[in-house]
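# Fold and geometry: a report
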Amino acid sequence: MVSQESGPEREPQRPIPAVPQQPAPQVPPQPVHQPLPGNPYAEPDPPARTGSSSRARALGIGAAVLALALVGGGVFLATRGDGDGRGDGSREPAAAPPASSQGPESSTGGGGQETAGPGSDDDREGRGIDVNAGRKPGEAKAWLGFDGVKLPGKGTILYDLWREGDIVAQATYDEVTAFKSADGTKAWSVRLPGPVCDTPVNASPDGKVVVVYTTSKAKQSVKCDQLQMIDLKTGKKGWHKKLVEHDLSDGTTMTHVAISGSTVMVDQDSTAHAYRVGDGKRLFSTKPQREGACFLKGVAGGSRLLQMQTCAAMTSTQHGRLRKLDPRTGKVEWTYRSKKGWSIDKVYSVDPVVVSLRKRNDYDNWAVAAVDDQGRQRSWIGLGGGKTEFEQCAGAGDSGEGVQNCPGGVVEGDTLYLGSKPKDSIGPNKLVAFDLRNGKVKWSESWGGRQLQPVPVSGEGRPGVIAYARPSGEKNGRVLRFGPGGGKPDVLLRHTSAARKTETFMFAGHTLYADGRFYVTSSRLDGKSHGAEGDDGKGRMLSYGR
């Protein structure tokens, strides 16, 4: 159901359900979506199996790696430090946005501060370690980015990577920071009045993003109800908006965002609201569907706007639905319905549409489906068994981010590239290419006894796949290109020995290849690792290029 904007916003009439707070274990907790109170069909996502995750297993390699805690997922609640952000290295948030005269859903500015630019005291680039020391002929030149953000004691996750012009940007804790692609110096940063809850995986075509953050200091029932638009080209704030909870169907304890064209869609429990990226004007809303008892599970953006639903949960007819929406009007253009007993979990690609699914009551039984432009299933790839094992999202689980945050798989044209599950956390694996037209394996390649991971690419038009050969032992990392037919890859970048330890500890949490340059960050930073002076040069973003 789609409704156009009408009438003034109202304050919530009923209390918002509490989000249970988990203790802080060695490995960051893997959150689950909370069932909607009063909704008998709302089934929580299965918990991430950190015990079987390659990233979780990597934490057991040694105490030094444990101390870094740079892996796995995480959730916004885990960013809170002991003592509610005081005395543990974290900081009080900037002043909250001023009260608006335009009502509870405001389009005024004020959602954050523009902070120090290049050359300031906060610019930590180059401290701690020379990642180019002893660089050999043929090795790529590296830089290690720092930003000096003090983190809460329990640490925080690092969010999506955005490449825009000559900068690469990323959010962590309560700041969005941009680094110059050429040398890693800080181009700009925007500090928000509170910790970030979610970011879109991609920016709008004109280089704008909308991030979700919170100003709540509560340890439970935290409301991720603040939206802030940021122009990546300039580092300037745009409009700010406070989300409103009308009833129990549009709570803000688990809020996610996706951008498609000039539209940003905000997932509030079982309701989604779409706004214009340029000025924050609300365009339309989608409501829960009574037919089939379908409830919103997530939103995905890019060249297409998708909504993921769970229907008839915990029944024999349970299934998932995927709807393609017109981002300007909200009109449903097609609906894909999965097999009975299967739920749609993650989106590997929106063009072509490729999703992963799990079998009800059988967590290890998962599959990938390709969907055509009419919402019909093109192919089905069963991945729950066989000689070659695969882990959905490379074992990352549900890190509290959106449905598009799924490493370990890349789609290019009619091919899905997946890295197989290594026999141990750091052992070699294979890169496997699947034909999305029929679901069959096209080719499978290994390389040099390394662990291979397909890498998202921006601004690259050549066929094939970019793969990251992770560092292993005394072997440095590499960036490779496999052609569409497989075979021996081309080595695009040879990484330096001086950066190997830093690179290893990042565990390839986020990767990106753009314009001949490779970027890698961890998925999580420990509260003791601020990317600043005294952190032994760990930093937060490592990049290689010619």
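Heads up: the structure comes first, above all this text.
Residues numbered from 1 in each chain as written. Predicted model: local features only at pLDDT ≥ 70, side-chain atom pairs only at ≥ 80, totals over all residues. Heavy atoms only, no water.

### Notes on the pairing of strand β18 (residues 305-311)
The condition that has to hold: Exposure classes here rest on a 1.4 Å probe applied to the protein chains alone. A residue is buried below 20% of its type maximum, exposed above 50%, and partly exposed in between. Strands are runs of DSSP state E lasting at least two residues, helices are runs of H or I lasting at least four, and both sets are numbered from the N terminus onward. Here, any two strands with at least 2 DSSP bridges between them count as paired.
Within β18, 7 of the 7 residues are buried, leaving the element largely enclosed by the surrounding structure. Bridge analysis of strand β17 (residues 294-300) against β18 gives 6 bridges, and the strand direction is antiparallel. Of the residues in β18, the one forming a bridge with C294 is C311. With antiparallel pairing between neighbouring strands as the criterion, β17 and β18 make up a hairpin whose turn holds 4 residues, including G302 at a positive phi of roughly 125 degrees. In this sheet, strand β19 (residues 319-325) lies alongside β18 in antiparallel orientation, the contact comprising 7 bridges. Note on β19: the bridge partner recorded for Q309 is R321.

### Some thoughts on the state of the cysteines
Under the convention used in this document: Disulfide assignment relies on a single distance test, namely cysteine sulfur atoms paired within 2.5 Å.
A full pass over the atoms with the stated rule returns 3 disulfides. Residue pairing for C197: its cysteine sulfur links by disulfide to C224, the two sulfurs lying 2.2 Å apart. Its S-S torsion of about -80 degrees marks the bond between C197 and C224 as left-handed, since a negative value means left-handed. Taken as a pair, C197 in strand β9 (residues 196-198) and C224 in the loop between β10 (208-213) and β11 (226-231) lie far apart in primary sequence, 27 residues in all. Using a relative accessible area of 7% as the deciding quantity, one classes C197 as buried. Relative accessible area serves as the criterion here: at 3%, C224 is assigned to the buried category. With a sulfur-sulfur separation of 2.0 Å, C393 is cross-linked through a disulfide to C406.

### As for the sheet that holds strand β33 (residues 486-494)
Each strand in a sheet pairs with its neighbour through backbone hydrogen bonds, running either in the same direction (parallel) or in the opposite one (antiparallel). To be explicit about the condition: A fitted line through C-alpha atoms represents every axis, and for helices the fit uses only the stretch in contact; the resulting angles, taken between N-to-C directions, go from 0 to 180 degrees.
Across the sheet, 4 strands lie side by side as β29-β31-β32-β33; this open sheet has antiparallel pairing. Both outer strands of the open sheet, β29 (452-454) and β33, are each paired with one neighbouring strand and no more. The mean angle between the axes of side-by-side strands here comes to 35 degrees, regardless of whether they run parallel or antiparallel. When β29 meets strand β31 (residues 465-469), the two strands line up antiparallel, connected through 3 bridges. Directly across from Q453, in β31, lies its bridge partner Y468.

### What to know about the nonpolar core
For the record, the criterion: Put simply, buried Ala, Val, Leu, Ile, Met, Phe, Trp, Tyr and Cys residues joined by side-chain atoms within 4.5 Å make one nonpolar core. Here, residues are in contact when the closest pair of their heavy atoms is within 4.5 Å.
Ranked by internal contacts, the top residues of the largest apolar core, which has 19 residues, are V479, L493, Y513, F518, L542 and Y544. Sorting the residues of this core by element identifies β3 (141-145), β31, β33, β35 (517-521) and β37 (541-545) as the ones contributing at least two each. Sequence-distant contacts of F518, defined by excluding residues within four places in its chain, comprise V455, Y468, V479, L493, H495, T511, L512, Y513, L542, S543 and Y544. Among the nonpolar cores identified, the runner-up in size contains 18 residues, and W162, A178, V190 and Y213 belong to it.

### A look at the sheet that holds β9
With antiparallel pairing, the 4 strands of this open sheet are ordered in space as β9-β10-β11-β12. The open sheet has two free edges, formed respectively by β9 and β12 (236-242), since each of these has just one partner strand. Direction aside, the axes of adjacent strands within the sheet are offset by 40 degrees on average. Two strands pair when backbone bridges link them, and β10 and β11 are joined in this way by 6 bridges, in the antiparallel orientation. What sits directly across from V211, in β11, is Q228.

### So, the packing of aromatic side chains
Test applied: Two aromatic rings, drawn from Phe, Tyr or Trp (for Trp, its six-membered ring), form a pair once their centres lie within 6.5 Å of each other, and the interplanar angle then sorts them: stacked below 30 degrees, edge-to-face above 60, tilted otherwise.
Taken as a whole and judged by the stated rule, the model has 7 aromatic pairs. Ring geometry for W143 and Y519: centres 6.3 Å apart, planes at 65 degrees, overall edge-to-face. On the criterion of sequence distance, the pair formed by W143 in strand β3 and Y519 in strand β35 is long-range, its members being 376 residues apart. In this structure, W143 and Y519 share a single accessibility class: buried. With centroids separated by 5.7 Å and ring planes inclined at 65 degrees, the aromatic side chains of F390 and F434 adopt a geometry described as edge-to-face.

### Details of unusual backbone geometry
Residue P352 is reached from D351 by a cis peptide bond, and omega for that bond is 0 degrees. You can see P352 is positioned in the loop between β21 (342-350) and β22 (353-359). With phi around 50 degrees, Y173 is a residue other than glycine that occupies positive phi space. As for its position among the elements, Y173 is in the loop between β6 (167-172) and β7 (175-180). In the Ramachandran plot, N361 falls in the positive-phi region, its phi being about 65 degrees despite a non-glycine side chain.

### Brief notes about the environment of L480
Structurally, L480 can be placed in strand β32 (residues 478-483). Taking the C-alpha atoms as reference, L480 lies 9.8 Å from V455; in sequence the two are 25 residues apart.

### Thoughts on the side chain of R304
The cut-off we apply is this: Definition of a polar contact: a pair of N or O atoms within 3.5 Å, with one able to donate and the other able to accept a hydrogen when the atoms are protein atoms, and with sequence-neighbouring residues admitted only if both atoms are side-chain atoms.
Among the secondary structure elements, R304 is positioned in the loop between β17 and β18. Within the local environment of R304, its side chain forms a polar contact with the side chain of D373, the two groups lying 2.6 Å apart. In this view, R304 contacts S260, K324, V350, D351, V353 and D373; residues no more than four positions away in its chain are not counted.

### Topic: the side chain of T177
Within the secondary structure, T177 sits in strand β7. When sequence neighbours within four positions are dropped, the list of residues in contact with T177 reads D147, V168, A169, Q170, K186, W188, S189 and R540.

### As for the pattern of salt bridges
Basically, it comes down to this: When a carboxyl oxygen of Asp or Glu lies within 4 Å of a side-chain nitrogen of Lys or Arg, that pair is called a salt bridge.
Counting across every chain of the model gives 16 salt bridges. One salt bridge connects D345 with K297, and the closest N-O pair in it is separated by 3.0 Å. Of this pair, D345 sits in strand β21 while K297 sits in strand β17; the two residues are 48 residues apart in sequence, bridging distant segments of the chain. We note that D345, like K297, is buried. Here the salt bridges do not stand alone but share partners, grouping D206, K208 and D231 into one network.

### Re the pairing of strand β16 (residues 282-286)
Counting buried residues in β16 gives 5 out of 5 residues, a clear majority hidden from the surface. Bridge count for strand β15 (residues 271-276) against β16 is 4 bridges, and the pairing is antiparallel. Residue pairing for β16: Y275 is matched across the bridge by R282. Remark: 5 residues form the turn of the hairpin made by β15 and β16, two consecutive strands paired antiparallel; G280 in that turn has positive phi of roughly 85 degrees.

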